[in-house]
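These are the residues of each chain, in order.
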Amino acid sequence: MNPKQIACFVLMAFIGVIVYVAQIVHQKVTAMRQEAEDAETAAANAETERSTAEIKTAVIKTETEELRRFLRSWLPAVDKIQTQQEVKQTIELSLREGGITLIRQNKDEPKASNTNKIIPRSVLTTLAIEDEFAKVLNWFGDIERRLPLARMKAVQVAGGSTARQLKLDVTFETPIFDLKAVAPAKPAAKPNDKEKKS
């Protein structure tokens, strides 16, 4: 081979390498452009979803404002009575403060519910009292004030042993709420957070 042919061969090889490198670079640039376009599309979609979620959240907040305000007003009553013992103590305190005569012992029965997560249990209270007409009715109102969530199941009113007395047989159910059962769950820790801690 003469020097011109060798030079031509080297030049052709050099051009071939340049074309090959250019094709590889072009393919990488095309792939990077496609990834950038995909990322922009994904970002736009995510932004649209975020905006939609914000609108839905605002609508739900507006629609449930009255209900949430109602719940907030009842939260102190819900938090006040959390155990069967608290129900019993509240009733005993009311009887003692009202000076009411108990003619049949107070009976408290726990009642469980598997279907209602918010009210998993309640306390069924049965008692009979006999005292002056005004004291009995005032005590009845006091129970409603102290246990506003209690639901009357049975009420029997009869005359007492004297003309001024009233006999009251009453059974009522006091729900024990568990608002944590419906509270939103905390998001799980991300794997990266665990790795950083360790």
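Above this text sits the structure in question.
Residues numbered from 1 in each chain as written. Predicted model: local features only at pLDDT ≥ 70, side-chain atom pairs only at ≥ 80, totals over all residues. Heavy atoms only, no water.

(A) Region of interest: the overall build of the protein. When helices and strands are tallied, the protein shows four helices and four strands. Counting from the amino terminus, the protein carries its helices and strands in the arrangement α-α-β-β-α-β-β-α. For the protein, the share of sequence-separated contacts (at least 6 apart) that also reach a separation of at least 24 residues comes to 66%. Working note: accessible area of the protein is about 15000 Å², and carbon and sulfur atoms make up 60% of it. (Helix = DSSP H or I, 4+ residues; strand = E, 2+ residues; numbered from the N terminus. Contact = heavy atoms within 4.5 Å. Areas by Shrake-Rupley, 256 points an atom, 1.4 Å probe, with all protein chains shown as cover.)

(B) Region of interest: helix α2 (residues 84-98). With 15 residues, α2 extends 21 Å from end C-alpha to end C-alpha; this agrees with the ideal 21 Å at 1.5 Å per step. Looking one or two residues past α2, Gly-99 carries a phi angle of roughly 65 degrees, positive in sign. (Expected span 1.5 Å × (residues − 1).)

(C) A look at the side chain of Glu-173. The topology assignment puts Glu-173 in strand β4 (residues 165-176). Reaching out from Glu-173, the side chain makes a polar contact with the side chain of Ser-122 at a distance of 2.7 Å. (Polar contact = N/O pair within 3.5 Å; in protein donor to acceptor, adjacent residues only side chain to side chain.)

(D) Looking closely at the layout of surface pockets. Space inside the largest pocket adds up to approximately 170 Å³. As for the largest pocket, its lining consists of 13 residues, and the residues nearest its centre are Ile-119, Ser-122, Arg-151, Glu-173 and Pro-175. Top contributing element to the lining of the largest pocket by residue count: β4, with three residues. Classifying every residue of the lining of the largest pocket gives five nonpolar, four polar and four charged. (1 Å grid on protein atoms, 1.4 Å probe; cavity = no way out; pocket = protein on both sides within 12 Å on 5 of 7 lines; lining within 4 Å. Points joined across faces, edges and corners; volume = space filled by probe spheres on them. Nonpolar A, V, L, I, M, F, W, Y, C, P; charged D, E, K, R; others polar.)

(E) Representation of the pattern of salt bridges. In this structure the tally under the stated criterion is twelve salt bridges. Where Arg-50 meets Glu-47, a salt bridge forms, and the shortest distance between an N and an O atom there is 2.4 Å. Here Glu-47 and Arg-50 lie together in helix α1 (residues 3-80), a separation of three residues that amounts to about one turn. On the basis of relative accessibility, which here comes to 38%, the residue Arg-50 falls in the partly exposed class. Linking Glu-173 and Lys-153 is a salt bridge whose minimum nitrogen-to-oxygen distance equals 3.6 Å. Of this pair, Glu-173 sits in strand β4 while Lys-153 sits in strand β3 (residues 151-159), and the two are 20 residues apart along the sequence. With relative accessibility at 43%, the residue Lys-153 sits in the partly exposed group. (Salt bridge = Lys/Arg side-chain N within 4 Å of Asp/Glu carboxyl O. Buried < 20%, exposed > 50% of the residue type's maximum accessible area, 1.4 Å probe, protein only.)

(F) Main features of the pairing of β3. As paired elements, β3 and β4 share eight bridges and run antiparallel to each other. Across the sheet, the residue bridging to Gly-159 is Leu-166, located in β4. Between the antiparallel neighbours β3 and β4 lie five residues. (Pairing = 2+ DSSP bridges.)

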